[in-house]
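Fold and geometry: a report
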Amino acid sequence: MNDILEKIALCVEFGKINKVSPYPPNMKDQDGADELAKRALEEGVRPDEILESALVPAMARVGEKFTKKEIYVPQMLMAAKAMNSAMAHLKPFFQSGETKRKGKFIVGTVAGDLHDIGKNLVAMMIEGGGWEVIDLGVDVSTEKFLGAMEEHPGAVVGLSALLTTTMENMKKTVSAIKEKHASSKILVGGAPVTREYCEKIGADFYAPDPQGAVNYLKTLVA
Ligand code: B1M
């Protein structure tokens, strides 16, 4: 792999955001994902190559380590920040349509639920997996999900719920989406959600963690 791409991947994997960022201590005073992504573009590396050959594999490693409990939420959040700092340089190319992404993913935490840490991790892993993410935030009503689906036809939808009380709203949203967009694909997750519950409410897939979500989306673009 190109040296600069390898360095970007390491920065993302270990959460090195930029030169002034003190974390991780063994990379102190070194350029981070921010400076390296900017330099790579200046040197003529294509944005999709930076995404595919540096950010995606780095985030895949982060996801695997998280699944195996070799790292925890803080390290994952640092990796997310490093990835976002690199993505900020790439986004203009994707937004202009100059570089294509794998598809669109609409995500939100269901109505009545304000928990967003897990949802944000899923969103950033999926973005790191090469998808455009439309993040609707927390306490997202069924109408808001449906509106986003009208705006982004064909997008995969992801619903997160952290409260047993709001799982009922997940069910309502899934039913409404399936009624209006029968062929749409819906991914669900969150601590109280299970595979059985996913099947019961008619969603398409349950992912216990971000890597599971990324792996599911991969199956949709085979
Ligand atoms: Co609240 N909370 N909380 N809370 N909170 C829990 C969930 C709770 C289990 C704590 C407890 O009582 N032990 C409990 C729920 C009990 C239940 O329903 N059975 C609870 C409660 C009761 C409440 C309030 C009602 C408390 C109150 O006000 N009386 C209140 C509700 C507010 C509301 O939502 N309307 C409330 C509020 C809050 C804070 C605002 C203070 C804060 C949220 C801050 C935020 O998110 N910005 C908060 C927090 C932090 C927690 C705990 C401590 C941590 C949740 C978390 O972020 N985990 C939680 C207890 C706990 O889990 N130890 C708790 C880390 C995160 C990475 O995991 O979100 O599970 P998680 O996401 C995982 C997977 O589930 C999966 O991937 C992630 C990474 O592996 N995943 C998906 C998540 N979404 C996915 C979507 C996918 C796929 C995978 O596809 C789309």
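Residues numbered from 1 in each chain as written. Predicted model: local features only at pLDDT ≥ 70, side-chain atom pairs only at ≥ 80, totals over all residues. Heavy atoms only, no water.

1. Structural notes on the overall build of the chain
The condition that has to hold: Only runs of H or I of at least four residues qualify as helices and only runs of E of at least two qualify as strands under DSSP, and these elements are numbered from the N terminus. Note on method: radius of gyration uses C-alpha positions; expected globular size equals 2.2 Å times residues raised to 0.38. Using a 1.4 Å probe on the protein chains alone, a residue whose accessible area is under 20% of its type maximum counts as buried, one over 50% counts as exposed, and one in between counts as partly exposed. Any two residues having at least one pair of non-hydrogen atoms within 4.5 Å are treated as being in contact. For every accessible area listed, the method is Shrake-Rupley and the probe measures 1.4 Å; residues are considered covered only by the protein chains on display.
On a plain count of helices and strands, the chain comes out with nine helices and five strands. Starting at the N terminus and ending at the C terminus, the chain contains elements arranged as α-α-α-α-β-α-β-α-β-α-β-α-β-α. Since a compact globule built from 222 residues should have a radius of gyration of about 17 Å, the 18 Å found for the chain is in line with a globular shape. With the C-alpha coordinates of the chain rotated into their principal frame, the extents come out at 50 × 35 × 25 Å. Looking at the chain as a whole, 50% of its 222 residues are labelled buried. Of the contacts formed within the chain by residues at least 6 apart in sequence, a portion of 68% connects residues at least 24 apart. Of the roughly 10,600 Å² that the chain leaves accessible, carbon and sulfur atoms contribute 54%.

2. Regarding helix α2 (residues 33-42)
The line we're drawing: What the arc measures is the spread of directions leading from the helix axis to the C-beta atoms.
Every buried residue of α2 is listed here: Ala-33, Leu-36, Ala-37, Ala-40 and Leu-41. Considered in projection along α2, the buried side chains sweep an arc of 135° and stay on one side of the axis. Taken together, the buried residues of α2 touch α1 (3-14), α3 (47-67) and α4 (73-95). Count one or two residues on from α2 and you reach Gly-44, which has phi positive near 95°.

3. Description of the side chain of Ser-85
Basically, it comes down to this: Polar contacts, as used here, are pairs of N or O atoms within 3.5 Å; protein pairs need one atom able to donate a hydrogen and one able to accept it. Residues neighboring in sequence count only if both atoms are side-chain atoms.
With respect to the helices and strands, the residue Ser-85 is situated in helix α4. Looking at Ser-85, the relative accessible area reads 13%, which means it is buried. A distance of 3.4 Å separates the side chain of Ser-85 from the backbone nitrogen of Asp-34, its partner in a polar contact. Apart from residues lying up to four places away in sequence, Ser-85 is in contact with Ile-17, Ala-33 and Asp-34.

4. Points about the domain arrangement of the chain
Rules: Segmentation into domains, and thus their bounds, comes from an automatic or database assignment. Joining two parts hides part of their accessible area as seen by a 1.4 Å probe, and the buried area is that hidden amount summed over both. What makes a salt bridge here is a side-chain nitrogen of Lys or Arg within 4 Å of a carboxyl oxygen of Asp or Glu, nothing more.
We note that the domain assignment places domain 1 (2-95) and domain 2 (104-221) within the chain. If you average the C-alpha positions of domain 1 and of domain 2, the two centres end up 25 Å apart. For the pairing of domain 1 and domain 2, the buried interface totals around 1,100 Å² over both sides, and the portion due to carbon and sulfur atoms is 75%. Along the contact surface separating domain 1 from domain 2 lie one salt bridge. A salt bridge links Glu-127 to Lys-91; the nearest nitrogen and oxygen atoms lie 3.2 Å apart. At the boundary of domain 1 and domain 2, one finds two residue pairs in polar contact (both at pLDDT 80 or more).

5. Overview of the side chain of Gln-211
Inspection of the secondary structure assignment puts Gln-211 in helix α9 (residues 210-220). Among residues more than four places away in sequence, those in contact with Gln-211 are Met-59, Ala-60, Gly-63, Glu-64, Thr-67 and Met-125.

6. Let's talk about the coordination of the cobalt atom of the ligand
In an ideal tetrahedron of four donors about a metal, each angle is 109.5 degrees. In an ideal octahedron of six donors, the angles are 90 or 180 degrees. Defined as follows: Only nitrogen, oxygen and sulfur atoms qualify as donors, and only when within 2.8 Å of the metal (3.2 Å in the case of Na, K and Ca); with water excluded, sites may look incomplete.
A lone protein donor binds the cobalt atom of the ligand: His-115 (NE2), at 2.2 Å. Along the polypeptide, His-115 turns up in the loop between β1 (104-109) and α5 (117-128).

7. A closer look at the site of the ligand
Selection rule: The nearness test applies per residue and asks whether one of its heavy atoms lies within 4 Å of the molecule or strand. Side-chain classes follow a simple rule in which Ala, Val, Leu, Ile, Met, Phe, Trp, Tyr, Cys and Pro form the nonpolar group, Asp, Glu, Lys and Arg form the charged group, and the remainder, Gly included, forms the polar group.
With respect to spatial proximity, 26 residues lie near the ligand, and among them Leu-114, His-115, Asp-116, Ser-160 and Thr-164 are the closest. Within the side chain of His-115, one N or O atom sits 2.7 Å away from a nitrogen atom of the ligand. The set of elements that each furnish at least two residues to the shell around the ligand consists of α5, β3 (156-160) and β4 (186-189). If one sorts the elements of the shell around the ligand by residue count, α5 sits on top with four residues. When grouped by side-chain class, the residues that make up the shell around the ligand number 15 nonpolar, eight polar and three charged.

8. Describing unusual backbone geometry
Most peptide bonds take the trans form, and the phi angle of most residues other than glycine is negative. Looking along the chain, the bond that leaves Tyr-23 and enters Pro-24 is cis, with omega of -5°. Here Pro-24 lies in the loop between α1 and α2. Although it is not a glycine, Lys-69 sits at a positive phi angle of roughly 60°. Residue position: Lys-69 is located in the loop between α3 and α4. Here the phi dihedral of Asp-139 falls at roughly 50°; this positive angle occurs in a residue that is not glycine.

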